[in-house]
Amino acid sequence: MYQNTLLFLNIGAQETVVIVFAILLLFGGKKLPELARGLGRGIREFKDASDDVKREINRNINSLTAEEELKKDEEEDRKRREEYEKDQNVD
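Residues numbered from 1 in each chain as written. Predicted model: local features only at pLDDT ≥ 70, side-chain atom pairs only at ≥ 80, totals over all residues. Heavy atoms only, no water.

(A) Spotlight on the overall build of the protein. Of the regular secondary structure elements, the protein holds 3 helices and 0 strands. Mapped in sequence order, the helices and strands of the protein form the string α-α-α. Per-residue burial for the protein yields a buried fraction of 2% across its 91 residues. Summed over its atoms, the accessible surface of the protein is roughly 8800 Å², and 58% of this surface lies on carbon and sulfur atoms. (Helix = DSSP H or I, 4+ residues; strand = E, 2+ residues; numbered from the N terminus. Buried < 20%, exposed > 50% of the residue type's maximum accessible area, 1.4 Å probe, protein only. Areas by Shrake-Rupley, 256 points an atom, 1.4 Å probe, with all protein chains shown as cover.)

The structure is reproduced here in structure tokens:
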């Protein structure tokens, strides 16, 4: 997967080494694990938030579908009652 990401960004091995070396120089070896943890937490929080949004959307779609089915059933019941009452009045 990492290799596919690099191909997508069109970054070669030399560019990757230069980027990693520059980051190491800027932040130092002691700070890198802390930065990686923070980045991981941020990605995880973003993923959790997007999952929550997806769940909320699906829940709303399902509730709308259920409401539409309930209205349809009520309308059918009303029509059946009207037809039944018509039949009772005719006799």
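On we go.
(B) Representation of a negative patch on the surface. On the surface, a cluster of negative charge is contributed by Glu67, Glu68, Glu69, Asp73 and Glu74. Examined against the element boundaries, glutamate 67 turns out to sit in helix H3 (residues 31–90). With a relative accessible area of 45%, glutamate 67 lands in the partly exposed category. (Patch = residues over 30% accessible without salt bridge, like charges linked within 9 Å, V, L, I, M, F, W, Y side chains within 5 Å. Salt bridge = Lys/Arg side-chain N within 4 Å of Asp/Glu carboxyl O. Lys, Arg positive; Asp, Glu negative; His and termini not counted. Charge placed at Lys NZ, Arg CZ, Asp CG, Glu CD.)

(C) Expanded view of a nonpolar patch on the surface. There is a patch of nonpolar side chains on the surface, built from Ile19, Ile23, Leu26, Phe27 and Leu35 and spanning about 460 Å² of accessible area. Mapped onto the elements, phenylalanine 27 comes out in helix H2 (residues 13–27).

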